[in-house]
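Read off the chains here:
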Amino acid sequence: GKEPIEKLYDAMDEAMKEFPNEPSFPIEKGYVLWQVRDYIGAMKYLQQGMKIRKEFEEQCANGIGLNDNSKKMLPMAYEAMGNIYILRRRYKEAAECFIKGINHYKYYAPNIRGLCHCIKDASLSEIVESICRFYDKEKDADFLADELRGCVDYQIYNYFAKRSENKYNNEIESFLSK
């Protein structure tokens, strides 16, 4: 018999045939392929889903359209596409994907971490400024301190940790005193 992953692919292919105008199926297949490191297949299906999604959004703008099943998948789809672009050293396209993901749902942490990876060579102030385009430095400080710990320069982490609800103050003081 077939492996479970092959059965999953068959089911996804069947769903795409049955509902060719539904972007969620190719997006989902692309995300699964990304997770199993089939980056070429992943990008193919993610881009196919995004193309269908764009057509779907245009139909919705004209009053045509039903349920938007793919919207909740967009942050993950942009994460996968961004990471594939990083593997290809195409940081501008990767950053654009992560930004789109943040714009759809800013609290899906892999996208802000991915964006920070793409802009890691910028100055500290430019990185903080970039982050603050999408996040409120006070209201989102807990989220940013939690999610950026270990993936950005400690000064950037410290910038947001100091603004958090005092939850990081002991950690900061301990770190800085060493």
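Note that this is a predicted model, so its numbers are computed, not measured.

**Q** Give a description of the side chain of Ser24 that names residues and reports values.
**A** Structurally, Ser24 is set in helix H2 (residues 24-35). Owing to a relative accessible area of 6%, Ser24 belongs among the buried residues under this scheme. A polar atom in the side chain of Ser24 sits 2.8 Å from the side chain of Glu22. In contact with Ser24, not counting residues within four places along its chain, are Asn69, Ser70 and Met73.

**Q** So, the environment of Met16: which residues are in play, and what are the values?
**A** Looking at the element boundaries, Met16 is found in helix H1 (residues 4-18). On the basis of relative accessibility, which here comes to 13%, the residue Met16 falls in the buried class. Each C-alpha atom, one on Met16 and one on Lys29, is 9.6 Å from the other, the two residues being 13 residues apart in sequence. Leave out the neighbours within four places in its chain, and Met16 touches Phe25, Pro26, Lys29, Tyr45 and Gln48.

Basis of the calculations
- Residues numbered from 1 in each chain as written.
- Predicted model: local features only at pLDDT ≥ 70, side-chain atom pairs only at ≥ 80, totals over all residues.
- Heavy atoms only, no water.
- Helix = DSSP H or I, 4+ residues; strand = E, 2+ residues; numbered from the N terminus.
- Buried < 20%, exposed > 50% of the residue type's maximum accessible area, 1.4 Å probe, protein only.
- Polar contact = N/O pair within 3.5 Å; in protein donor to acceptor, adjacent residues only side chain to side chain.
- Contact = heavy atoms within 4.5 Å.

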